[in-house]
Amino acid sequence: MSKIPLQFRHNGRDVAIFVDGGTNLLVALRELVGDMTPKFGCGQGGCGTCSVLIDGELHLSCLTLAETVAGRSVETLDGMKQGPNLHPLQRAFADNFAAQCGYCTPGMLMAAKALLDRNPSPSRDEVIEAISGNICRCTGYEPIINAILAAASGRVSA
């Protein structure tokens, strides 16, 4: 099988890789780009842990063909922070104990970022809806919801 050239923006920088036809974006990001922040969970689109933003919209990278991001912008958890400075959502997750085992955290943060980018002042119900595609087995969701609401209101430590 021949390789397909693929160029896209990954967390603000241009990337050029070669993928096999049918390779999903999760594999391309982890194995070819070296970004380990999107996690492999169910591999079937049911858990949300592999969530990324493509041109600002939330997508499940395990269900997205890598070749469909040609010329587009892909943002992962690794792109949220600025150098050593955490994004306000990351800080809010830490302040509100919203990450226990941490496995769902990348997907939760990407879903939260997608929400706050389009709606900076969401209601509790809107937060719940925004993260509804992400499964967490540790926190019971309450700390995650509180963290997202805290980030939206600016109640985050420096």
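Provided above is the structure to which this section pertains.
Residues numbered from 1 in each chain as written. Predicted model: local features only at pLDDT ≥ 70, side-chain atom pairs only at ≥ 80, totals over all residues. Heavy atoms only, no water.

Visitor: An account of the overall build of the protein chain is needed here, citing residue identities and associated values.
Guide: Each helix and strand counted, the protein chain has 5 helices and 5 strands in total. The order of helices and strands in the protein chain, counted from the N terminus, is β-β-α-β-β-β-α-α-α-α. Against the compact-globule benchmark of 15 Å for 158 residues, the protein chain has a radius of gyration of 16 Å, which places it among compact chains. Principal-axis analysis of the C-alpha atoms gives the protein chain an extent of 50 × 30 × 25 Å. Each of the 158 residues in the protein chain was classed as buried or not, and the buried ones make up 43%. For the protein chain, the proportion of contacts with a sequence separation of at least 24, taken over those separated by at least 6, is 55%. Put simply, the protein chain shows about 8,000 Å² of open surface, and 52% of that area lies on carbon and sulfur atoms. The averaged location of the 15 negative side-chain charges in the protein chain is 5 Å from the averaged location of its 13 positive side-chain charges. (Helix = DSSP H or I, 4+ residues; strand = E, 2+ residues; numbered from the N terminus. Rg over C-alpha atoms; globule rule 2.2 N^0.38 Å. Buried < 20%, exposed > 50% of the residue type's maximum accessible area, 1.4 Å probe, protein only. Contact = heavy atoms within 4.5 Å. Areas by Shrake-Rupley, 256 points an atom, 1.4 Å probe, with all protein chains shown as cover. Lys, Arg positive; Asp, Glu negative; His and termini not counted. Charge placed at Lys NZ, Arg CZ, Asp CG, Glu CD.)

Visitor: For the sheet that holds strand β3 (residues 51-54), give the residues involved together with the corresponding values.
Guide: A sheet is described by the order of its strands in space; here 5 strands give the open sequence β2-β1-β5-β3-β4, paired in mixed fashion. Looking at strand neighbours, the two that pair on one side only are β2 (13-20) and β4 (57-60), the edges of this open sheet. Adjacent strand axes in the sheet meet at a mean angle of 40° when their direction is disregarded. Relative to strand β5 (residues 73-75), strand β1 (residues 3-10) runs parallel, the two being bridged by 2 bridges. Counterpart to histidine 10 in the pairing with β5 is valine 74. Most of the contacts of helix α1 (residues 25-33) go to β2, to which it runs at about 110°, and overall it touches β1, β2, β3 and β5. (Pairing = 2+ DSSP bridges. Axes fitted to C-alpha atoms, helices over the stretch in contact; angles between N-to-C directions.)

Visitor: Let's hear about the pairing of β3: which residues, and what values?
Guide: Looking down a regular strand, the side chains alternate between one sheet face and the other. Burial along β3 is two-sided: Ser51 and Leu53 and Val52 and Ile54, pointing in opposite directions, are all buried. The pairing of β3 with β4 spans 4 bridges and is classified as antiparallel. Residue pairing for β4: isoleucine 54 is matched across the bridge by glutamate 57. Taking the residues between adjacent antiparallel strands as the criterion, β3 and β4 are bridged by 2 residues, where aspartate 55 takes a positive phi near 50°. For β3 and β5, the ladder comprises 2 bridges, and the chain directions are antiparallel.

Visitor: Tell me about the environment of valine 33, and please be specific about residues and values.
Guide: Take valine 33: it is sitting in helix α1. Assessed through its relative accessible area of 16%, valine 33 is described here as buried. For the pair formed by valine 33 and isoleucine 17, sequence separation is 16 residues and the distance between their alpha carbons is 7.7 Å. Setting aside chain neighbours within four positions, we find valine 33 in contact with Phe8, His10, Arg13, Val15, Ile17 and Ala28.

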